[in-house]
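One-letter residues, chain by chain:
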Amino acid sequence: MAPIATPRLEIEALGHLHILGNSQPLKRSNDLKRELMLVYLAANPQPQARRAMAQLLWSYAEDKVALSNLRSLLTRMRQEGLADYLVADRTTVSLASGVALEFDVDRFRTAMATLTAHDLPALIRIMELYQGEFLKGIALRDQPELEEWILTNQRELQSLAVVGYQRASALAQAGGETGPAVTLARQLLEITPYDDDNHELYVRALIADRQPGEALRHYAEYTRILEQELGIRGATPSLTALVETVRNQTIAQPPVQTTAADAAALPTAAIAPPMKTAARFVGPRPARVLVGRQADLAQLRRWLEAGTGRLITITGLGGTGKTHLALTLAESVAPYFADGVYFVDLT
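To start, this report covers the structure provided alongside it. Everything quoted here is computed from the prediction, not taken from an experiment.

Rules used in this analysis
Residues numbered from 1 in each chain as written. Predicted model: local features only at pLDDT ≥ 70, side-chain atom pairs only at ≥ 80, totals over all residues. Heavy atoms only, no water. Salt bridge = Lys/Arg side-chain N within 4 Å of Asp/Glu carboxyl O. Helix = DSSP H or I, 4+ residues; strand = E, 2+ residues; numbered from the N terminus. Buried < 20%, exposed > 50% of the residue type's maximum accessible area, 1.4 Å probe, protein only. Pairing = 2+ DSSP bridges. Contact = heavy atoms within 4.5 Å. Axes fitted to C-alpha atoms, helices over the stretch in contact; angles between N-to-C directions. Phe/Tyr/Trp six-rings, centres within 6.5 Å; stacked < 30°, edge-to-face > 60°.

1. Regarding the pattern of salt bridges
Scanning the entire structure with this criterion turns up eleven salt bridges. For Glu244, the salt bridge is made with Arg247, and the minimal N-O distance between the two is 2.4 Å. One end of the pair, Glu244, and the other, Arg247, are both in helix α10 (residues 237-247), three residues apart, so they sit about a helical turn from each other. On the basis of relative accessibility, which here comes to 34%, the residue Glu244 falls in the partly exposed class. Using a relative accessible area of 39% as the deciding quantity, one classes Arg247 as partly exposed. One salt-bridge network, in which partners are shared between bridges, spans Arg34, Glu35 and Glu80.

Take a look at the structure:
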């Protein structure tokens with residue numbers, strides 16, 4: 001009798017979602033709840049209460065309706081050949097313990113936690129796992145609890161990616177590999193487009209790579225975007241001073257050379273030189289670029305600059321982007337507050 005093959009489930013959730021069952025793509029479905037449940041169960045391997053799972057997937061439905069919807073979904077998944085991947089009883093649901101699970105999120109987290117400090121090739125391989133934000137492009141309008149879970153993971157994983165790209169770029173520059181240092185810093189800017197410290201890291205990499213003209217062009221374009229999209233004039237004093245030095249042609253390479261030991265020791269976004277006259281934003285970075293809310297952002301900035309009130313409240317339905325708007329605002333105005341801007345979670 002032939003041995004029973006171990007069911008294999010491969011989930012790629014960094015970037016656009018892609019799921020394979022026994023090396024075959026799942027059958028197309030108009031409802032993402034099947035895929036989202038698999039991702040949630042992969043990220044939370046302990047058995048999940050059926051009621052909690054139902055409420056997560058059908059937030060606005062009554063408990064009885066949500067539980068009925070979950071039963072229908074589980075039945076449909078079994079009919080689609082996914083029975084080997086799930087264990088569901090009267091009270092809980094989970095992935096089957098015998099499933100061979102390959103989950104890129106787990107691999108990325110584990111690799112970052114066990115990283116050897118000075119191993120640039122290994123760090124670059126790790127960063128190749130980060131193909132984009134967690135569950136990129138999935139927008140949920142009627143599932144606020146699930147959306148909040150996704151946003152929380154996006155912020156955490158993006159923070160890990162930021163640290164990885166910062167370390168990799170600094171290590172490459174310290175080792176004289178200026179071309180890769182530029183590439184890694186540019187990839188960092190794709191996920192932190194409004195972070196002055198990371199733009200400074202990129203400018204320093206360009207200078208080390210003997211591209212002062214490109215450094216000046218990049219700074220001009222960045223400050224134009226800051227003013228046009230966020231209403232901010234100029235970058236932080238540290239970045240501005242560096243660019244002025246380049247403009248005056250007084251240096252041909254960065255004034256401070258980062259050593260490999262220094263770069264490896266940095267746990268956060270501290271690779272760029274510290275601020276000279278302004279503090280920074282302390283809190284989670286916005287998970288993605290704010291789109292379509294520039295008018296709201298500009299109005300909030302005007303209220304802050306007017307200084308006529310001590311409290312600004314952003315109201316709206318769950319899942320409409322209030323937290324995202326507030327985080328983008330906080331990050332954009334942080335350099336203009338002497339003691340910085342701090343995020344406090346009151347939930």
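So that's the structure; there's more coming.
2. Comments concerning the sheet that holds strand β2 (residues 18-21)
Judged by pairing direction, the sheet is mixed, and its four strands sit side by side in the order β3-β2-β1-β7 without closing on themselves. Here the strands that pair on one side only, and so sit at the sheet edges, are β3 (24-25) and β7 (100-103). As paired elements, β2 and β3 share two bridges and run antiparallel to each other. Within the sheet, the bridge partner assigned to Leu20 lies in β3 and is Pro25. Sitting on the sheet, helix α1 (residues 33-43) touches β1 (8-12), β2 and β7, and the angle it makes with β7 is about 95 degrees. Across the sheet, helix α4 (residues 104-113) touches β1 and β7, and the angle it forms with β7 is around 65 degrees.

3. Notes on the packing of aromatic side chains
Counted by the stated rule, this structure contains three aromatic pairs. For the pair Phe134 and Trp149, a centre-to-centre distance of 5.6 Å together with 80 degrees between the ring planes defines the contact as edge-to-face. Note that Phe134 is positioned in the loop between α5 (120-127) and α6 (144-174) and Trp149 in helix α6, a separation of 15 residues in sequence. Pair check on accessibility: Phe134 and Trp149 agree, each one buried. Pairwise contacts between aromatic rings join Tyr40, Phe134 and Trp149 into one cluster.

4. A closer look at the sheet that holds strand β4 (residues 48-49)
Here we have three strands laid out as an open sheet, ordered β4-β6-β5, and antiparallel in their pairing. Each end of this open sheet is capped by a strand with a single partner; those strands are β4 and β5 (86-88). In the sheet, β5 pairs with strand β6 (residues 92-95) via three bridges, with the strands oriented antiparallel. Directly across from Ala88, in β6, lies its bridge partner Val93. Packing of α1 onto the sheet brings it into contact with β4, β5 and β6, and relative to β6 it is tilted by some 80 degrees.

The values are spatial; any link to function lies outside them.
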